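Listed below are the residues making up each chain.
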Protein chains: 2
Amino acid sequence: MGATFSLPPGSMIGVLGGGQLGRMLALAAARLGFDVTVLEPEPDCPASRVSARTITAPYDDAAALEDMARTCQVVTFEFENVPAAVVDQLEAFGASAAPGRLALATSQDRIAEKTFLRAQGLAVADFAQIDSVADIAAALPRLGSRALLKTRREGYDGKGQTWVQGPDDAEAAFARISGRPAILEAAVPFTRELSVIAARGRGGEIACYPPGENHHEDGVLRTTLAPADISLETLTQAEAIAGAALQALDYVGVIGVELFEMPGGALVVNEFAPRVHNSGHWTLDGCQVDQFEQHVRAIAGWPLGPTAPLARVEMTNLLGFEADDWARLAADPDARLWLYGKRHAREGRKMGHVNRLRALA
Amino acid sequence: MGATFSLPPGSMIGVLGGGQLGRMLALAAARLGFDVTVLEPEPDCPASRVSARTITAPYDDAAALEDMARTCQVVTFEFENVPAAVVDQLEAFGASAAPGRLALATSQDRIAEKTFLRAQGLAVADFAQIDSVADIAAALPRLGSRALLKTRREGYDGKGQTWVQGPDDAEAAFARISGRPAILEAAVPFTRELSVIAARGRGGEIACYPPGENHHEDGVLRTTLAPADISLETLTQAEAIAGAALQALDYVGVIGVELFEMPGGALVVNEFAPRVHNSGHWTLDGCQVDQFEQHVRAIAGWPLGPTAPLARVEMTNLLGFEADDWARLAADPDARLWLYGKRHAREGRKMGHVNRLRALA
């Protein structure tokens with residue numbers, strides 16, 4: 001592509017997926033004068049109500065993809081489980097898709113992802129490919145008495161994963177993930193979960209936001225505190241990890257890299273998401289250029305924006321019926337409230353988030 | 001209405017006018033989980049591309065107004081020249097309109113506006129009602145050898161106004177404004193132009209942003225520096241002026257009050273705009289809750305947000321072809337760029353603005 005790819009304001013940006021990430025991408029695109037077309041199978045999705053155009057069709061609908069390719073100057077994704085064939089089709093129809101096929105394909109398959117990360121010299125949990133109960137039994141002695149079994153594909157927010165409590169649990173555990181192709185990961189005795197949100201532009205330039213400290217509940221992100229209180233060595237490591245992944249993937253856009261901090265500060269990579277990331281929502285109120293504008297800048301071939309924090313932010317997800325508490329949150333002068341326009345709350349569903357600003361440490 | 005009027009997220013907010021102010025209102029509404037319907041005669045307007053629904057019709061189209069009243073839980077305006085009859089029709093169809101008829105009607109007519117402000121005990125320029133050349137000749141001895149002639153209605157950005165250079169110029173000056181009903185204002189020997197952006201909620205609570213210092217070129221706002229470097233006395237005066245106007249108008253929403261600072265710091269009110277205001281665009285990057293979210297909060301019956309500045313901001317309008325410089329501005333890490341999605345630049349047309357952050361004084 002090179003640095004000459006630079007979309008003028010007024011260009012149309014295509015987004016596959018119309019949830020909250022697509023919605024916040026559309027809002028950021030609008031600030032820079034871009035229009036957005038959303039492709040989403042569900043009618044009345046959150047992003048559709050802030051976008052110039054919505055195509056309601058399955059993600060792999062050929063006519064819809066041809067339409068996107070014809071009318072959008074660049075196409076991007078709010079989620080990583082876009083079939084690789086969709087990217088191929090988009091590109092066959094002449095679209096520019098960012099991030100590209102390699103990042104999507106790698107992140108979709110936990111075996112490919114871990115293999116890729118390890119090939120970059122990055123620390124990951126020991127793992128084994130699992131296609132049968134026998135594979136679990138064979139791998140356990142190496143990975144530890146207790147190990148984490150995850151489906152290779154389509155797991156998110158803790159779905160599709162279960163702990164194998166020992167050899168006796170192998171058969172039951174495999175049944176718990178419906179016997180699907182899987183990965184078995186050694187337990188990582190981490191002290192904290194961190195993440196780094198980073199971006200790579202069309203010219204190869206890289207910008208990292210300061211890492212955040214994440215707290216999960218039942219596999220779902222509950223809070224992020226950013227910038228996290230980490231040592232300079234850990235910061236340098238996190239930036240090096242993000243940079244290595246972005247470079248090796250020839251990536252364009254924003255990536256979210258989930259990290260485990262070990263006793264002593266060394267980092268182990270958990271996984272990456274080839275998109276804007278829930279743990280980067282703090283940047284909406286904590287940075288001059290938030291992760292959504294940064295992603296738009298990157299895929300549009302614009303220069304990346306500054307990533308220095310203006311404040312320390314505590315981000316809390318509003319899950320399910322917690323968003324019904326909007327009146328109290330709106331009255332809290334300390335809380336910046338973001339609501340996603342979802343019509344129906346379900347337990348655990350991400351309905352919004354709150355950013356609370358603190359002074360920088 | 002009282003404090004019991006509180007729209008839940010998911011409610012529809014109607015906006016008359018689809019320009020940049022409507023667009024930025026729609027973006028703010030979306031952050032809080034609201035949807036927006038825009039009524040605008042011009043197709044493909046800036047706000048339409050970030051709104052759930054657009055009605056393309058004249059502002060006084062009865063069917064369109066009935067539709068807005070039926071589908072929107074509150075209706076607001078991005079400009080002050082909405083005919084009073086439109087507000088009446090909206091209310092007759094059952095809509096809640098904010099700000100109300102009184103604020104719109106008062107601000108539409110410069111004689112009514114000055115008379116209203118003076119009745120609140122606020123300082124305004126001496127003025128006279130002008131319906132003929134003879135009225136100008138009669139008023140000049142009182143107002144000074146040189147005075148400012150403005151059409152009573154529909155002037156903005158310096159349009160519909162001209163200096164009367166003396167008695168000999170009376171006839172020509174009246175011709176320059178096409179002999180329309182007018183006001184003649186004494187020259188105000190001010191040292192600076194300031195403005196204060198303030199909001200009043202459904203419960204009568206008031207919140208003021210710190211005043212900004214404005215610089216105009218050819219009658220059009222060029223820059224705002226906010227918070228302005230003013231004395232505590234001037235600040236107190238500005239807040240008192242805004243408060244008095246909001247209270248007397250039983251106002252709901254954001255208002256922009258333009259002020260002249262006299263030698264010594266006394267303030268003279270120039271005019272007010274019953275809407276979000278160009279000189280409040282600095283709040284987009286300088287405050288936790290910007291003027292657009294503040295307006296949405298007020299009209300939705302939500303508590304007002306904090307107005308303390310996080311930074312000092314220099315806002316510069318991008319007029320006409322200046323927005324073609326987007327690539328340079330996008331590369332400036334110090335510039336927060338806002339573009340309005342207007343399809344065609346015209347000389348002097350507001351195409352976007354840039355906020356530059358400085359440390360607070």
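Rules and cut-offs
- Residues numbered from 1 in each chain as written.
- Chains lettered and ligands numbered in written order.
- Predicted model: local features only at pLDDT ≥ 70, side-chain atom pairs only at ≥ 80, totals over all residues.
- Helix = DSSP H or I, 4+ residues; strand = E, 2+ residues; numbered from the N terminus.
- Buried ≥ 20, exposed ≤ 12 C-beta atoms within 10 Å, placed from the backbone.
- Pairing = 2+ DSSP bridges.
- Axes fitted to C-alpha atoms, helices over the stretch in contact; angles between N-to-C directions.
- Contact = placed C-beta atoms within 7 Å.
- Least-squares fit on C-alpha atoms with pLDDT ≥ 70 in both.
- pLDDT = per-residue confidence, 0-100.
- Nonpolar A, V, L, I, M, F, W, Y, C, P; charged D, E, K, R; others polar.
- Core = buried A, V, L, I, M, F, W, Y, C linked by C-beta atoms within 7 Å.

## Things to note about the overall build of chain A
Next, step 1: Along the backbone of chain A there are eleven helices and 17 strands.
Next, step 2: In terms of overall dimensions, chain A has a C-alpha envelope of 60 × 50 × 40 Å along the principal axes.
Next, step 3: When burial is assessed residue by residue, chain A has 53% of its 361 residues classed as buried.

## Digging into the pairing of strand S8 (residues 182-186) of chain B
Residue and element names in this part refer to chain B.
Next, step 1: The buried fraction of S8 amounts to four of the five residues, a majority that puts the element mostly inside the structure.
Next, step 2: The pairing of strand S5 (residues 127-130) with S8 spans four bridges and is antiparallel. Counterpart to Phe127 in the pairing with S8 is Glu185.
Next, step 3: The pairing of strand S6 (residues 147-151) with S8 spans five bridges and is antiparallel. For Ala147, the partnering residue across the bridge sits in S8 and is Ala186.

## So, the sheet that holds strand S4 (residues 74-77) of chain B
Residue and element names in this part refer to chain B.
Next, step 1: If you walk across this open sheet you meet the four strands as S3-S2-S1-S4, and the pairing is parallel. The open sheet is flanked by strand S3 (53-56) and S4, the only strands paired with a single partner. With strand direction ignored, the average angle separating the axes of adjacent strands in the sheet is 20°.
Next, step 2: Where strand S1 (residues 12-16) lies against strand S2 (residues 35-40), five bridges are found, and the strand directions are parallel. Directly across from Val15, in S2, lies its bridge partner Val38.

## A closer look at helix H10 (residues 291-299) of chain A
Next, step 1: Counting buried positions along H10 of chain A yields nine of nine residues, so the element is predominantly enclosed.
Next, step 2: Residues Gln291, Phe292, Glu293, Gln294, His295, Val296, Arg297, Ala298 and Ile299 of chain A constitute the buried set of H10 of chain A.

## A short note on the environment of Pro46 of chain A
All names here are of chain A.
Next, step 1: Structurally, Pro46 can be placed in the loop between strand S2 (35-40) and strand S3 (53-56).
Next, step 2: Counting along the chain gives 25 residues from Pro46 to Leu21, while the straight-line C-alpha distance between them is 9.1 Å.
Next, step 3: Beyond its immediate stretch of four places on either side in the chain, Pro46 contacts Gly18, Gly19, Gln20, Arg23, Tyr340, Gly341 and Lys342.

## Remarks on the relation of the copies chain B and chain A
Next, step 1: Of the two same-sequence chains, chain B is brought onto chain A (RMSD 0.0 Å, axial shift 0.0 Å) by a rotation of 180°. Such values leave the two copies arranged in the relation of a two-fold axis. No C-alpha of chain B lies nearer the rotation axis than that of Val50 of chain B, which sits 2.0 Å from it.
Next, step 2: In this assembly, 100% of the residues forming the interface of chain B have copies in chain A that are likewise at the interface, indicating an isologous arrangement.

## A look at the confidence of the model for chain A
Next, step 1: Considering every residue of chain A, the mean pLDDT works out to 95; 98% of them sit at 70 or more.
Next, step 2: The ipTM for the predicted assembly is 0.95, set against a pTM of 0.96.

## Considering the sheet that holds strand S7 (residues 161-164) of chain A
All names here are of chain A.
Next, step 1: With antiparallel pairing, the four strands of this open sheet are ordered in space as S5-S8-S6-S7. Each edge of the sheet is formed by a strand with only one pairing partner; in this case those strands are strand S5 (127-130) and S7. Across the sheet, the axes of successive neighbouring strands diverge by a mean angle of 25°, strand direction being ignored.
Next, step 2: Together, S5, strand S6 (147-151) and strand S8 (182-186) form the strand contacts of helix H5 (residues 110-119), whose direction differs from that of S8 by roughly 45°.
Next, step 3: Running over the sheet, helix H6 (residues 133-143) touches S5, S6, S7 and S8 and is turned about 175° from S5.

## A look at the interface of chain B and chain A
Next, step 1: With 32 residues of chain B at the interface, the matching set in chain A holds 32 residues.
Next, step 2: With four residues, the top contributor of residues to the side of chain B that touches chain A is strand S16 (residues 335-339) of chain B.
Next, step 3: Tallied by class, the residues present in the side of chain B that touches chain A amount to 20 nonpolar, seven polar and five charged.

## Details of the pairing of S16 of chain B
Residue and element names in this part refer to chain B.
Next, step 1: Within S16, four of the five residues are buried, leaving the element largely enclosed by the surrounding structure.
Next, step 2: Where S16 lies against strand S17 (residues 350-358), five bridges are found, and the strand directions are antiparallel. Following the sheet pairing, Leu339 is matched in S17 by Gly352.

## What about the nonpolar core?
Next, step 1: Of all hydrophobic cores here, the largest spans 218 residues; its most connected members are Ala198 of chain A together with Ala198 of chain B.
Next, step 2: Ignoring any residue separated from it by four or fewer positions in sequence, one finds Ala198 of chain B in contact with Ile206, Ala207, Cys208, Tyr209, Ala242, Leu246, Ile255 and Val257 of chain B.

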